[in-house]
Amino acid sequence: MKAALYEGNQTFRIQSVDPVTPGPDEIRLNVAYVGICGTDTHIYHGAMDARVKPPQVIGHEMSGTVAELGSNVEGFAIGDPVVVRPLDNRAETAADRGHSHICRDLKFIGIDSPGAFQNSWTVPAFAVHKAPQGVDLQLAALTEPLAVACHDVRLGEVQSGELAVVIGGGPIGMLVAMVARAAGARVILSEVNQNRLSFARELGFEAVSPIETDLAELCRERSDGAGADIVFEVSGAKAAAASMTDVLAIRGRIVVVAIYPQPVELNLFQFFWKELKLCGARVYEPEDYEQALQLIAEKALPLDKMITRVEPLDQIQAAFENLDSSPNAMKILIDCQS
Ligand SMILES: [Zn+2]
């Protein structure tokens, strides 16, 4: 079988390898499709070489089918469509207070251990979720980023009829907007890239550039002067962090989805004055995966529009290079059986 090894220095090499026979409590999967994640491009640029230790197979946004079961594995049959929730919490301790998905010694499968850009992938059974029979495996490859969005919206406690602002219109921002809308929120998407703005409008969202439009003013217009109920900060931009408190109503909530490597300025006076709440949201829990799979099966969201291109595994190098030079792409999937 073939695997794409990330070798460092923005290079992948396709290599013939033997499939890994599943040990006890492991499952070997035939990988169908794998999405290229922002984290994967980060790895490709060498930003995580110390953690990834090239040469290594990466990739974690996948769909596939069960190929082989190790001993002790129950509840799966050969051929079942599945997705992987790539979190390994086996080092969890009591001090993590049951928060397995963000336990302090969490390992991310596909970063800290081999990933999915290969024909066949062997993973711990606890990480595998069954997808509904007959699911579209291309859409199922969006489960991982969609579960991020489900987690964000769940932690934000979005209620029907609320006004939600999503700052940042990349793949995760678009998915958060979709899930918030499915929860009954009215959504305004804020994004500076004109192509992403048009794409959001095609999906039916009110989408504005904060450079051209006073976002706080627009939110008041859309809420009888109150302001937005909730902001999802998905952009990671300093300016967004500085301004997000302005758009919120009294007792509005902020969910921080973006990764901020450095501290940024926040208007704490606004938190005091309007009794605002701030909540972080990181990865997902099993129920978010189940919700994402259900949304995919129900075809409740325009997820097909999120797939910009599908490329064969042996074109993975070109796919990463293209993604670098096309900021308008949403999801590029790698077809790992082609
Ligand atoms: Zn991802």
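Residues numbered from 1 in each chain as written. Predicted model: local features only at pLDDT ≥ 70, side-chain atom pairs only at ≥ 80, totals over all residues. Heavy atoms only, no water.

### What about the coordination of the zinc ion?
- In this structure, Cys-37 (SG), His-60 (NE2), Glu-61 (OE) and Glu-144 (OE) serve as the protein donors to the zinc ion, at separations of 2.3 to 2.7 Å.
- Every donor counted, the four donor atoms about the zinc ion form angles of 80 to 161° at the centre, which fits irregular coordination.
- In the primary structure, the donors to the zinc ion are separated according to the pattern C-x22-H-E-x82-E. With Cys-37 in the loop between strand E3 (26-35) and helix H1 (38-44) and His-60 in the loop between helix H2 (49-52) and strand E4 (61-69), this residue pair connects regions lying 23 residues apart in the sequence.
- The exposure class assigned to His-60 is buried, which follows from its relative accessible area of 1%. (Donors = N, O, S within 2.8 Å, 3.2 Å for Na, K, Ca; no water. Tetrahedral: all angles 85-135°; square planar, octahedral: opposite > 155°, others 65-115°. Helix = DSSP H or I, 4+ residues; strand = E, 2+ residues; numbered from the N terminus. Buried < 20%, exposed > 50% of the residue type's maximum accessible area, 1.4 Å probe, protein only.)

### Concerning the domain arrangement of the chain
- According to the domain assignment, the chain consists of domain 1 (2-141 + 302-335) and domain 2 (149-280).
- Taking only C-alpha atoms into account, the centre of domain 1 sits 29 Å from that of domain 2.
- Of the roughly 920 Å² buried between domain 1 and domain 2, counting both surfaces, carbon and sulfur atoms make up 73%.
- Among the residues domain 1 hides against domain 2, the three largest losses belong to Met-306, Asn-328 and Met-330. Together they make up 50% of the total.
- On the surface where domain 1 and domain 2 come into contact, there are two residue pairs in polar contact (both at pLDDT 80 or more).
- Split by residue class, the side of domain 1 that touches domain 2 holds six nonpolar, two polar and two charged. (Domains from an automatic or database assignment. Buried area = accessible area lost by both parts, 1.4 Å probe. Polar contact = N/O pair within 3.5 Å; in protein donor to acceptor, adjacent residues only side chain to side chain. Nonpolar A, V, L, I, M, F, W, Y, C, P; charged D, E, K, R; others polar.)

### Notes on the side chain of Glu-311
- Inspection of the secondary structure puts Glu-311 in strand E16 (residues 307-312).
- Within the local environment of Glu-311, its side chain forms a polar contact with the side chain of Arg-309, the two groups lying 3.2 Å apart.
- With residues near it in sequence (within four places) discarded, Glu-311 still touches Ala-319, Ile-332, Leu-333, Ile-334 and Asp-335. (Contact = heavy atoms within 4.5 Å.)

### Examining the pairing of strand E11 (residues 186-190)
- E11 sits mainly inside the fold: four of its five residues count as buried.
- Relative to strand E12 (residues 206-208), E11 is paired through three bridges, and the arrangement is parallel. Along E12, the bridge assignment pairs Leu-189 with Ala-207.
- With helix H6 (residues 194-202) bridging E11 and its parallel neighbour E12, the resulting β-α-β unit is right-handed. (Pairing = 2+ DSSP bridges. Right-handed = clockwise from strand over helix to strand, strands pointing away.)

### A look at the UniProt feature "domain: Enoyl reductase (ER)" (unreviewed entry) in the chain
- Taken from the UniProt record, the annotation "domain: Enoyl reductase (ER)" (unreviewed entry) applies to residues 8-334.
- Annotated as residues 8-334, this span is 28% helix and 26% strand, and its ends, taken at the C-alpha atoms, are 19 Å apart. (UniProt positions renumbered as here; feature names shortened; annotations may be inferred.)

### Details of a nonpolar patch on the surface
- A surface patch of nonpolar side chains, amounting to about 270 Å² of accessible area, comprises Leu-266, Leu-268 and Leu-278.
- By secondary structure assignment, the location of Leu-278 is in strand E15 (residues 277-280).
- Residue classification places Leu-278 among the partly exposed residues on the basis of a relative accessible area of 44%. (Patch = residues over 30% accessible without salt bridge, like charges linked within 9 Å, V, L, I, M, F, W, Y side chains within 5 Å. Areas by Shrake-Rupley, 256 points an atom, 1.4 Å probe, with all protein chains shown as cover. Salt bridge = Lys/Arg side-chain N within 4 Å of Asp/Glu carboxyl O.)

### A word on the packing of helix H4 (residues 143-155) against helix H10 (residues 286-297)
- As a packed pair, H4 and H10 sit with axes 8 Å apart at the nearest point and diverge in direction by 115°. Classified by the interaxial angle, the pair formed by H4 and H10 is roughly perpendicular. Judged by the sense of rotation from one axis to the other, the crossing of H4 with H10 is right-handed. Contact with H4, carried on its side by Thr-143, Glu-144, Leu-146, Ala-147, Cys-150, His-151 and Arg-154, involves Glu-287, Asp-288, Tyr-289, Gln-291, Ala-292, Leu-293, Leu-295 and Ile-296 of H10 and no other residues of that element. (Axes fitted to C-alpha atoms, helices over the stretch in contact; angles between N-to-C directions. Parallel < 35°, antiparallel > 145°, perpendicular 65-115°, else oblique. Left-handed = near helix turned anticlockwise from the far one by under 90°.)

### Here's the deal with unusual backbone geometry
- A cis amide bond, omega 0°, links Pro-54 with the succeeding residue Pro-55.
- Looking at where Pro-55 falls in the secondary structure, it is placed in the loop between H2 and E4.
- The backbone phi angle of Arg-251 is positive, close to 60°, even though this residue is not glycine.
- Relative to the helices and strands, Arg-251 is located in strand E14 (residues 248-256).

### Examining the environment of Ala-207
- Structurally, Ala-207 can be placed in strand E12.
- The class of Ala-207 is buried, set by a relative accessible area of 4%.
- Residues Ala-207 and Val-165, spaced 42 residues apart in sequence, show a C-alpha to C-alpha distance of 9.7 Å.
- Discounting chain neighbours no more than four positions away, the residues touching Ala-207 are Leu-189, Leu-197, Ala-200 and Arg-201.

### What to know about the environment of Leu-139
- As for its placement among the helices and strands, Leu-139 is situated in helix H3 (residues 137-140).
- Measuring from C-alpha to C-alpha, the distance between Leu-139 and Ala-91 comes to 32 Å, with 48 residues separating the pair along the chain.
- When sequence neighbours within four positions are dropped, the list of residues in contact with Leu-139 reads Ile-296, Lys-299, Leu-303, Asp-304 and Ile-307.

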